[in-house]
Amino acid sequence: MILYTPMSPAEIFPHDPNTLASRQFIVYQGRNMYVEQREDGSYQLLQLLSTDPQDFLNDTFTPGTILSS
């Protein structure tokens, strides 16, 4: 089986099923993002999903950034 996806193998076949339960796609400040919800209710940016190159130059949308809820 061949999977054509930008996701890593660990995201498709997680070792811990609870890992994917806390991950979701959201819209934040008009941009689509793949995030992981943290224990305190905030979100950590995992991946920015955008077709605008300027979005990737904005430090606000750097992977690993903590987004307040």
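Everything quoted here is computed from the prediction, not taken from an experiment.

## So, the overall build of the protein
From N to C terminus, the protein includes 3 helices and 4 strands. The order of α-helices and β-strands along the protein, N terminus first, is α-α-β-β-β-α-β. The dimensions of the protein, computed from C-alpha atoms along their principal axes, are 35 × 30 × 15 Å. Classification of the 69 residues of the protein by burial places 17% in the buried group.

## Let's talk about the pairing of strand β2 (residues 31–37)
Of the strand pairs in this sheet, strand β1 (residues 23–28) and β2 are connected by 6 bridges, and their pairing is antiparallel. Bridging from a neighbouring strand, Gln24 pairs with Val35 of β2. Turn length for the β1-β2 hairpin, with the two strands adjacent in sequence and antiparallel, is 2 residues, and the turn residue Gln29 shows positive phi of about 55°. In terms of strand pairing, β2 meets strand β3 (residues 43–49) through 6 bridges, oriented antiparallel. The residue of β3 that forms the bridge with Met33 is Leu48.

## Regarding the packing of aromatic side chains
All chains considered together, the criterion is met by 1 aromatic pair. Between Phe25 and Tyr34, the ring centres sit 4.7 Å apart and the planes meet at 35°, which makes this aromatic pair tilted.

## What about the pattern of salt bridges?
All told, the structure shown has 3 salt bridges when counted by the stated rule. Between Arg23 and Glu36 there is a salt bridge whose closest N-O contact spans 3.8 Å. Of the two residues, Arg23 sits in strand β1 while Glu36 sits in strand β2, which places them 13 residues apart along the sequence.

## Let's talk about the sheet that holds strand β4 (residues 66–67)
With antiparallel pairing, 4 strands are arranged side by side in an open sheet as β1-β2-β3-β4. If you trace the sheet from one side to the other, it starts and ends with β1 and β4, each paired once.

## Describing the environment of Asp40
Looking at the element boundaries, Asp40 is found in the loop between β2 and β3. Residue class for Asp40 comes out exposed when judged on its relative accessible area of 58%. As for Asp40 and Ser22, which are separated by 18 residues in sequence, their C-alpha atoms are 12 Å apart. In terms of polar contacts, Asp40 uses its side chain to reach the side chain of Ser42, at 2.7 Å.

Each value, and the rule that gives it
- Residues numbered from 1 in each chain as written.
- Predicted model: local features only at pLDDT ≥ 70, side-chain atom pairs only at ≥ 80, totals over all residues.
- Heavy atoms only, no water.
- Helix = DSSP H or I, 4+ residues; strand = E, 2+ residues; numbered from the N terminus.
- Buried < 20%, exposed > 50% of the residue type's maximum accessible area, 1.4 Å probe, protein only.
- Pairing = 2+ DSSP bridges.
- Phe/Tyr/Trp six-rings, centres within 6.5 Å; stacked < 30°, edge-to-face > 60°.
- Salt bridge = Lys/Arg side-chain N within 4 Å of Asp/Glu carboxyl O.
- Polar contact = N/O pair within 3.5 Å; in protein donor to acceptor, adjacent residues only side chain to side chain.

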